[in-house]
Amino acid sequence: MSKAFASQADLDDKKTTFEQLSKHCWAYTAEGDPNSGVIIGEKFIMVSDATATPAMAQDLIKQIRTVSDKPIKYVLLTHYHAVRVLGASAYVAEGATEVIASRGTYELIVERGAEDMQSEMERFPRLFRGSESVPGLTWPTLVVGDGRPGRQGSLTVDLGGVKVEIWHPGQGHTRGDTIAWVEEEKVLFSGDLVEYEAGVYTGDAQLEEWPATLEALRALQAEAIVPGRGEAMKGRADVDKALDYTKRWVTTLFQAGKEAAAAGMDLKTAMAHTRKSMDPVFGHVFIYEHCLPFDVSRAYDEAKGIKNPRIWTAERDKDMWAALQG
C-alpha cells in the first residue's frame, strides 16, 4: 500500500484538556482525538463517552478527581463504536452502577460490536494502547427509548443539584446516536453527531437523515457543546459553527456519493470525484485522510440504496484500503 492504513502511522500523543463549561459540566478534549463529557452533581457524576480502553480512562478519572470525589455512577454510551465504549469497565471501581445507551445502540452492539472492536483496534493502534485491559464488549445496563427519535422516550437522571436528560434525537453518525442535555445550563453532549475542525467519520452513518438530526439539536439552543472531536464550543454562535461544520461535511460528502453512483463510477473513481469537493474545504483537519476512505465507501453505498450500513470487519477494511490505494 502506498501509505499506512487508516491511523496506524499516527503515534504522537495528544495534549488533553479538562475544561469547565458551566457550574456542573466539563469537557475532556484532546486535539482532535475522541472527547468525553463530564457532569458533576452533588451526589453523583456522569461520564459521556468512556474512552477507548480502561487504561486510557484512568487519565480522565484522574482529571475528575482533581475537582470531585463523588461516585462516577453513570456512564453514557453516545453510540456503539469501540473507541467510545471499551473504557467503561474502569469506572466500576469509581462507583459506576449504570451504563446507559439507546435502544438503537444496544441493537448495534448485538449486531456488529465484536467486528467493530477488532476493526477499530487495527485502524487506530495509538488509541488502543493498553487494550489488554479491555475485558470484552461493553453492554448497557440501562436501555433508553424504543428506537424512535425524540424526547418522548427520554430518560432524566438526577445527579444532585443537576438533571441530565438523555435521548435519541435522530439518526446520523449511527442509527442509535444518544445525547445528554443539561437544560438548566444549556450544555449539550452530542457525541459524534457533531464534530468541529476534525474528520467526521461516516462509515456507519445514515447520511440522508443526519442533517435533520443536526437541526433538531440546533433547536435546543445550546450555549455550549462538547462535540465528539474538536474543541468544546461556547456561546450560541460557536455552537452553530460546529453544527454548520458537520452539516457541510455530511451534505458535501453525500452529494458527491450520489453523483458517483449515478455516473456508475467504481469506488476508486468515486474517491477522486469526492476529493474535488471535500479536499479544498476539509483536507487540513485532523484524521481527514483516516476518515475519507470509509466515508466515501458509505456515501457510495447509501447513494446506491444500501440503507443499513455494511459491517466493517478488519478484512473488509484492508480490502477497501487496498482497492483505493492500488
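Thresholds, definitions, all that
Residues numbered from 1 in each chain as written. Predicted model: local features only at pLDDT ≥ 70, side-chain atom pairs only at ≥ 80, totals over all residues. Heavy atoms only, no water. 1 Å grid on protein atoms, 1.4 Å probe; cavity = no way out; pocket = protein on both sides within 12 Å on 5 of 7 lines; lining within 4 Å. Points joined across faces, edges and corners; volume = space filled by probe spheres on them. Nonpolar A, V, L, I, M, F, W, Y, C, P; charged D, E, K, R; others polar. Pairing = 2+ DSSP bridges. Helix = DSSP H or I, 4+ residues; strand = E, 2+ residues; numbered from the N terminus. Axes fitted to C-alpha atoms, helices over the stretch in contact; angles between N-to-C directions. Phe/Tyr/Trp six-rings, centres within 6.5 Å; stacked < 30°, edge-to-face > 60°. Buried < 20%, exposed > 50% of the residue type's maximum accessible area, 1.4 Å probe, protein only. Lys NZ or Arg CZ within 6 Å of the ring centre and 35° of its normal. Core = buried A, V, L, I, M, F, W, Y, C linked by side-chain atoms within 4.5 Å. Contact = heavy atoms within 4.5 Å. Expected span 1.5 Å × (residues − 1).

A few points about empty space enclosed by the protein
Right, on to step 1. Tallying each qualifying case throughout the model produces six cavities of 30 Å³ or more.
Right, on to step 2. There is about 170 Å³ of room inside the largest cavity.
Right, on to step 3. Residue lining of the largest cavity: 14 residues in total, with Val-83, Glu-120, Tyr-201, Arg-229 and His-290 positioned closest to the centre.
Right, on to step 4. For the lining of the largest cavity, the per-class residue count stands at five nonpolar, four polar and five charged.

With respect to the sheet that holds strand β7 (residues 142-144)
Right, on to step 1. Strand order in the open sheet formed by seven strands is β1-β2-β3-β4-β5-β6-β7, and the pairing between neighbours is mixed. In this open sheet, the two strands that pair with only one neighbour each are β1 (17-20) and β7. Direction aside, the axes of adjacent strands within the sheet are offset by 20° on average.
Right, on to step 2. Relative to strand β3 (residues 33-40), strand β2 (residues 25-30) is paired through five bridges, and the arrangement is antiparallel.

Concerning the packing of aromatic side chains
Right, on to step 1. All chains considered together, the criterion is met by ten aromatic pairs.
Right, on to step 2. Centroid distance Trp-249 to Tyr-288: 5.8 Å. Interplanar angle 75°. Geometry classified as edge-to-face. With Trp-249 in helix α5 (residues 236-262) and Tyr-288 in helix α7 (residues 288-303), this residue pair connects regions lying 39 residues apart in the sequence. A single burial state applies to Trp-249 and to Tyr-288, both of which are buried.
Right, on to step 3. By the ring-pair criterion, three or more aromatic residues cluster together here, those being Tyr-196, Tyr-245, Trp-249, Phe-282 and Tyr-288.
Right, on to step 4. We note Arg-123 situated over the ring of Phe-294; from NZ or CZ to the ring centre the distance is 3.9 Å.
Right, on to step 5. Here the guanidinium or amino end of Arg-316 rests over the ring plane of Trp-312, the centre of that ring lying 3.5 Å away.

A look at the nonpolar core
Right, on to step 1. In this structure, Val-38, Tyr-91 and Trp-249 are the most contacted members of the largest nonpolar core, which totals 81 residues.
Right, on to step 2. At ten residues, the largest contribution of residues to this core is made by α5.
Right, on to step 3. Excluding its chain neighbours within four sequence positions, the residues that come into contact with Val-38 are Phe-18, His-24, Cys-25, Trp-26, Ile-45, Met-46, Val-47, Leu-60, Ile-64 and Phe-189.
Right, on to step 4. Of all hydrophobic cores here, the second largest spans 21 residues; its members include Leu-21, Cys-25, Val-162 and Val-226.

Observations concerning α5
Right, on to step 1. The end-to-end C-alpha distance of α5, which contains 27 residues, comes to 38 Å, matching closely the 39 Å that a straight helix rising 1.5 Å per residue would cover.
Right, on to step 2. One or two steps after α5, the chain reaches Gly-264, where phi turns positive at roughly 70°.

Some remarks on unusual backbone geometry
Most peptide bonds take the trans configuration, and most residues that are not glycine carry a negative phi.
Right, on to step 1. We note that Lys-186 has phi near 55°; this positive angle belongs to a residue other than glycine.
Right, on to step 2. With respect to the helices and strands, the residue Lys-186 is situated in the loop between β10 (179-182) and β11 (187-191).
Right, on to step 3. Owing to a relative accessible area of 27%, Lys-186 belongs among the partly exposed residues under this scheme.
Right, on to step 4. Despite not being glycine, Glu-197 has its phi angle at roughly 50°, a positive value.
Right, on to step 5. With respect to the helices and strands, the residue Glu-197 is situated in the loop between β11 and α4 (210-218).

Quick look at the layout of surface pockets
Right, on to step 1. The computed volume of the largest pocket comes to approximately 300 Å³.
Right, on to step 2. For the lining of the largest pocket, the secondary structure elements donating two or more residues are β2, β3, α1 (54-64) and α2 (82-85).
Right, on to step 3. Class assignment for the residues of the lining of the largest pocket results in eight nonpolar, four polar and eight charged.
Right, on to step 4. Of the volumes computed, that of the second largest pocket is approximately 170 Å³.
Right, on to step 5. Taken together, 14 residues form the lining of the second largest pocket, with Ala-88, Ser-89, Val-92, Val-99 and Thr-138 sitting closest to its centre.
Right, on to step 6. In the lining of the second largest pocket, the residues fall into eight nonpolar, five polar and one charged.

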